[in-house]
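# Coordinate analysis (summary)
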Amino acid sequence: MGVLAPDRLIQMGLLAASLAVMGLGFAVTLQARKSRSRHESTISSIAAFIEKDASPSFVCTSDGEVLQANAVARQTYATRKGETMAGTLRNTFANPGGILFRLRKQAEIDGAAREDIVTRKGHMRLAVHEMEDDTLLWRLEAAPDTGQGRGADGPGLPMLMVGRTGAVLYMNESARKLVGGRVKTLEAVFEQVPVKLGSVNPLTSPDGPVDVLVTQIDAGAGRRAYYLLPPPTEGDDEKSGSWASLEDLPVPLVRFSPAGDVRGFNRCASELIGNALAEGKNISDLMAGLGRPISDWLEETVSGRAVQQSEFLRLTRSDKEMFVQVALNRMNEDGEVSVIAVLADATELKTLEAQFVQSQKMQAIGQLAGGVAHDFNNLLTAISGHCDLLLLRHDQGDPDYSDLVQINQNANRAAALVGQLLAFSRKQTLRPEELDLRDTMSDLTHLLNRLVGEKVTLNLSHDPVLKPIRADKRQLEQVLMNLVVNARDAMPDGGEIQIETECMTLSEPLERDRVSVPVGDYVCLRVVDQGVGISADKLQKVFEPFYTTKKTGEGTGLGLSTAYGIVKQTGGFIFVDSTPGQGTCFSIMFPVLEVTTTKAPAAKVPTQMAEPKHGDGVILLVEDEAPVRAFASRALRLRGYTVLEADSAEAALKTLEDASLNVDLFVTDVVMPGKDGPSWVREALQERPDVRVVFVSGYAEDRLTDQQREIPNSVFLPKPFSLNDLAETVHQQLH
């Protein structure tokens, strides 16, 4: 220090500064240790507080890391310190991350939050409380929906869930309102304990004592559910009083004998089940769909052996299809054993479940159809391509010429079937263009009249100011033909098919058939028949693949599913209305094309495709399917091109490492093992930016569109393609 600061005064100043810095560092370290110690002490205190809680509880950081878990949580979820809440609840909730994030954000605002969630095991209540030091206390509580008609906190029968020790484990919203809040023991609820079951007991409420009729139901696992009913009116006998008190409750309740005969029910149950509900009726006459005799379930409930207390059943109503969630519980009043059924309308839930299962099934079939179509397109390319090569060596006088033509024609028919599969899976290549439906219908009228026959009359009605739409004309014609043919088949004795077009404007979203049509201008196309109609139970299945109402051999079940796929891929909506015995109306809504001020290009006049001229140039052909590669290379060599072959993207890049090699065109498959087509082409174009590209694929062009926009001078050729298609595309790219 003497060398660095010769002056003694400076030395003393430096020494004082050093001591101050050391003291500050020591103070900061001490404060950090105190803070950490205080934080750990707080966590330990909370952990000790929740350790004996009957519900799983967790102390976590704001990022979801579990710091502490109580005994029930460790036993139920095998939770260890350091795990995340999302990982702990992954087998309990379908999307735990989203639920936890939503509750955490709400807790940051209000200090606490809770949410009732329906799971496979029933209703669960997840609550979170914000604590100091950026920690959160999570609590998961079973919220039994037995006796709840509108969810865990909706209006329903006041209910207390009591554990083995007499502690109140859960109170629904009705019970909390009646008692005045959440309580922990029965002594805080009733003035006299033990409670007299089946009798009137005085209850402590904020407004003073209230008489309630108490009924107990075994809830399993040592728990008991106490239902608080209004007391019977004076002058009525016990039986009529009990059910009179239940008459106006908003929860459907039915009382059965052990044999399943109806002994009583309230008004809400009568409205739910219908006129079939009457005393003496058996439960098997009112409900079905358990998968085993309902009497067995009743017997298990009475004997206490029932594993599943709640089941979903279908009501045997003739006017409409309805599902109910039925919870059976044993009751014992004055020595008489009964079974009380608490019902909840589950029609919407089962409908949503059916929609979810249906969407998964449709998605799986769509993926399967798309994959099969891709592989089949490769086979058809090889078949039709080699057939084209054979036709070049045979003239019309050759005995084999007609056989080759038959092979070619059937390959084209197979290609059309593949197109249907791709249309259903919405993976086909569309060629959208500006269309006026009046012109499209005018061009198609002659063909449609031939399709409907002599017994059926086809009438067209157009909006005089019809606006243009954007769609694939060929695919739209296929949709119309499918709908018209179905309308014809629905009228075996003849009739009239009305095709209407009109412009419509939606000023607010149209909610229909689980679809929301956005606000905007639309062109609506309707196909109306006077046929036999479609029953309500079949109406929701008409767009399913391979579902048909026709006789065996008369329909494949792909027509309407194909139409649905085309319309949805175009950006439109399709709906169906039908009345049995009166007819059916299919409505298709297409968004109106926004007309720009630029002049539309003139329509191309179809010309007879001439045989492509011989060309010259070097083509690098990259295709992993050997039969397709063999046909394409032979076809291009016949046209005078020099063809270099590669069976993968890696092999193609290896070939291009020769800088002296001159290549004019890349012809490559899009989907290949290893690198795909666009990936290797972008890499190759860095060294050879002037080379043009032809992409080929059995999948739809939309698999390529986003990547192709970044690749200049590239075109798309869908499989299956013929010799002339390939030669013409290559010729146009090179010239």
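Note that the structure is a prediction, hence the values are computed from the model and not measured.

### Some words on the overall build of the protein chain
Check the secondary structure of the protein chain and you find 20 helices and 30 strands. Residues counted as buried form 43% of the 735 residues belonging to the protein chain. The contacts of the protein chain with a sequence gap of at least 6 include a subset with a gap of at least 24, amounting to 55%. Here the protein chain displays about 39,000 Å² of accessible surface, and carbon together with sulfur accounts for 52% of that area.

### Some points on helix 13 (residues 473-489)
Between its first and last C-alpha atoms helix 13 spans 24 Å; for 17 residues at 1.5 Å apiece the expected length is 24 Å, and the two agree. Residues Gln475, Leu476, Glu477, Gln478, Val479, Leu480, Asn482, Leu483, Val484 and Ala487 constitute the buried set of helix 13.

### As for the packing of aromatic side chains
Within this structure, the stated rule accounts for 3 aromatic pairs. Their ring planes at 50° and their centres at 5.1 Å tell us that Phe666 and Trp680 sit as a pair that is tilted. Of the two residues, Phe666 sits in strand 28 (residues 665-669) while Trp680 sits in helix 18 (residues 677-685), which places them 14 residues apart along the sequence. Taken as a pair, Phe666 and Trp680 share a single burial class, namely buried.

### Some remarks on a nonpolar patch on the surface
There is a patch of nonpolar side chains on the surface, built from Phe376, Leu379, Ile383 and Ile407 and spanning about 350 Å² of accessible area. The dominant element in the nonpolar patch, judged by the number of residues it contributes, is helix 10 (residues 347-392), at 3 residues.

### Digging into the sheet that holds strand 25 (residues 583-591)
In space, the 5 strands of this open sheet follow the order 18-20-23-25-24, with mixed pairing throughout. Bordering the open sheet on either side are strand 18 (456-461) and strand 24 (573-579), each of which pairs with just one other strand. Going from strand to strand, the sheet's axes swing by 20° on average, the running direction of each strand aside. Pairing of strand 24 with strand 25, which is carried by 7 bridges, proceeds in the antiparallel orientation. Bridge pairing in strand 25 places Phe573 opposite Met589. Against the sheet, helix 12 (residues 437-452) touches strand 18, strand 20 (495-506) and strand 23 (520-528), its axis set at about 175° to strand 18.

### Side note on the packing of helix 16 (residues 626-638) against helix 20 (residues 723-734)
Taken N-terminus to C-terminus, the directions of helix 16 and helix 20 make an angle of 60°; their axes are 10 Å apart at the nearest point. Overall, the two elements helix 16 and helix 20 adopt an arrangement that is oblique. When the axes of helix 16 and helix 20 are compared, the crossing they make is right-handed. Between helix 16, through Phe631, Ala632, Ala635 and Leu636, and helix 20, the contact on the second element is made entirely by Leu723, Leu726 and Val730. Residue composition of the contact of helix 16 with helix 20, grouped by class: 7 nonpolar, no polar and no charged.

### Some details on the sheet that holds strand 26 (residues 618-622)
Pairing in this open sheet of 5 strands is parallel, and the strands run 27-26-28-29-30 from one edge to the other. The open sheet has two edge strands with one neighbour each: strand 27 (642-646) and strand 30 (714-718). Mean inter-strand twist for the sheet, computed between neighbouring axes without regard to direction, equals 20°. The sheet contact formed by strand 29 (residues 692-697) and strand 30 spans 5 bridges and is parallel. Paired with Val696 across the two strands is Leu717, which belongs to strand 30. Those strands touched by helix 16 are strand 26 and strand 27, and its axis lies near 165° from that of strand 27. Across the sheet, helix 18 is in contact with strand 26, strand 28 and strand 29; its angle to strand 28 comes to roughly 155°.

### What to know about the pattern of salt bridges
Counting across every chain of the model gives 18 salt bridges. Among the ionic pairs, Glu502 bridges to Arg526, the shortest N-O distance being 2.6 Å. Pair noted here: Glu502 is in strand 20 and Arg526 is in strand 23, with a separation of 24 residues, a long-range link. Taken together, the shared-partner salt bridges connect Arg104, Lys105 and Glu108 into one network.

### Looking at the environment of Glu300
Secondary-structure assignment places Glu300 in helix 9 (residues 294-303). For the pair Glu300 and Pro258, spaced 42 residues apart in sequence, the C-alpha to C-alpha distance is 9.9 Å. Discounting residues that sit within four places of it in the chain, Glu300 has contacts with Arg292, Arg305 and Ala306. Within the structure, the side chain of Glu300 is placed 3.2 Å from the side chain of Arg292, a separation counted as a polar contact.

### Description of the packing of helix 12 against helix 13
Packed helices, taken two at a time, are described by their axes: the angle between them and the distance between them. Following both chains from N to C, one finds helix 12 and helix 13 inclined at 40°, their axes separated by 10 Å at the closest point. The angle between the axes of helix 12 and helix 13 places the two elements in the oblique class. By crossing handedness, the relation of helix 12 to helix 13 is classed as right-handed. Side by side, helix 12 and helix 13 meet where Leu437, Thr440, Met441, Asp443, Leu444, Leu447, Leu448, Leu451 and Val452 of the first sit next to Lys473, Leu476, Glu477, Leu480, Met481, Val484, Val485 and Arg488 of the second.

### Here's the deal with the confidence of the model for the protein chain
Across the protein chain, the average pLDDT comes to 77, with 76% of residues at or above 70. pLDDT under 50 marks residues 597-613. Its contacts with residues more than four places away, or in other chains, come to 8 contacts.

### Focus: the side chain of Asn172
As for its placement among the helices and strands, Asn172 is situated in the loop between strand 7 (168-171) and helix 5 (173-179). Judged by its relative accessible area of 0%, Asn172 falls in the buried class. A distance of 3.2 Å separates a polar atom in the side chain of Asn172 from the backbone nitrogen of Met159. Separated by 2.9 Å, the side chain of Asn172 and the backbone nitrogen of Ala175 make a polar contact.

### A short note on the pairing of strand 29
Among the 6 residues of strand 29, 5 are classified as buried, and the element is accordingly described as predominantly covered. Relative to strand 29, strand 28 is paired through 5 bridges, and the arrangement is parallel. From the neighbouring strand, Phe666 faces strand 29, where its bridge partner is Val693.

### Description of helix 20
Spanning 12 residues, helix 20 covers 17 Å between terminal C-alpha atoms, matching the ideal 16 Å at 1.5 Å per step. Buried within helix 20 are the following residues: Leu723, Leu726, Ala727, Glu728, Thr729, Val730, His731 and Gln733.

### Notes on unusual backbone geometry
In this model, Lys719 is joined to Pro720 through a cis peptide bond whose omega is 0°. When you line up the elements, Pro720 lands in the loop between strand 30 and helix 20. Look at Asn713: it is not a glycine, yet its phi comes out positive at around 55°. Summarising the element assignment, Asn713 is placed in the loop between helix 19 (705-708) and strand 30. Residue classification places Asn713 among the partly exposed positions, given a relative accessible area of 38%.

### Overview of the side chain of Asp669
Examined against the element boundaries, Asp669 turns out to sit in strand 28. Classification of Asp669 by relative accessible area gives buried; the value is 1%. The residues contacting Asp669, other than those within four sequence positions of it, are Val622, Glu623, Asp624, Gly677, Val696, Ser697 and Lys719.

### A word on the environment of Val168
Tracing the backbone shows Val168 in strand 7. With relative accessibility at 4%, the residue Val168 sits in the buried group. Sequence separation of Val168 and Thr185 is 17 residues, and the distance between their C-alpha atoms is 5.2 Å. If sequence neighbours within four positions are ignored, Val168 has contacts with Met161, Arg182, Val183, Lys184, Thr185 and Leu186.

Criteria and cut-off values
- Residue indices begin from 1 for each chain and proceed along its sequence in written order.
- Residues qualify for local features only when their pLDDT is at least 70, as the model is predicted, and side-chain atom pairs are given and counted only at 80 or more; totals for whole chains, interfaces and linings, by contrast, use all residues.
- As a rule here, side-chain values cover all heavy atoms of the structure and leave hydrogens and water aside.
- By the criteria applied, helices consist of DSSP H or I runs no shorter than four residues and strands consist of E runs no shorter than two, each listed in order from the N terminus.
- Here's how the labels work: a residue is buried when its accessible area is under 20% of the maximum for its type, exposed when over 50%, partly exposed in between, all with a 1.4 Å probe on protein chains only.
- The contact criterion used throughout is that any non-hydrogen atoms of two residues lie within 4.5 Å.
- Each accessible area is a Shrake-Rupley estimate made with a 1.4 Å probe; only the visible protein chains count as cover when residues are assessed.
- Helix span, as expected, comes to 1.5 Å for every residue beyond the first.
- Stacked, edge-to-face and tilted are the three classes for Phe, Tyr and Trp ring pairs, Trp counted by its six-membered ring, which pair at centre distances within 6.5 Å; planes under 30 degrees apart are stacked, over 60 edge-to-face, the rest tilted.
- Excluding any residue in a salt bridge, patches collect residues exceeding 30% relative accessible area, merging like charges within 9 Å and nonpolar Val, Leu, Ile, Met, Phe, Trp and Tyr side chains within 5 Å.
- By convention in these notes, a salt bridge is any Lys or Arg side-chain nitrogen within 4 Å of a carboxyl oxygen on Asp or Glu.
- Between any two strands, at least two bridges found by DSSP are needed for them to pair.
- The convention used is that axes are lines fitted to C-alpha atoms, helices contributing only their stretch in contact, and that angles between N-to-C directions extend from 0 to 180 degrees.
- Every angle not falling under 35 degrees, over 145, or within 65 to 115 is termed oblique; those three ranges are roughly parallel, roughly antiparallel and roughly perpendicular.
- Each crossing is labelled by how the near helix is turned from the far one, with a counterclockwise turn of less than a right angle marking it left-handed and a clockwise turn marking it right-handed.
- In this classification, Asp, Glu, Lys and Arg are treated as charged, Ala, Val, Leu, Ile, Met, Phe, Trp, Tyr, Cys and Pro as nonpolar, and every other residue, Gly included, as polar.
- Two N or O atoms form a polar contact when they lie within 3.5 Å of each other; inside protein one atom must be a possible hydrogen donor and the other a possible acceptor, and for residues adjacent in sequence the pair counts only when both atoms belong to side chains.
- Across the chain, each position has a pLDDT score giving the predictor's confidence in that residue, from 0 to 100.

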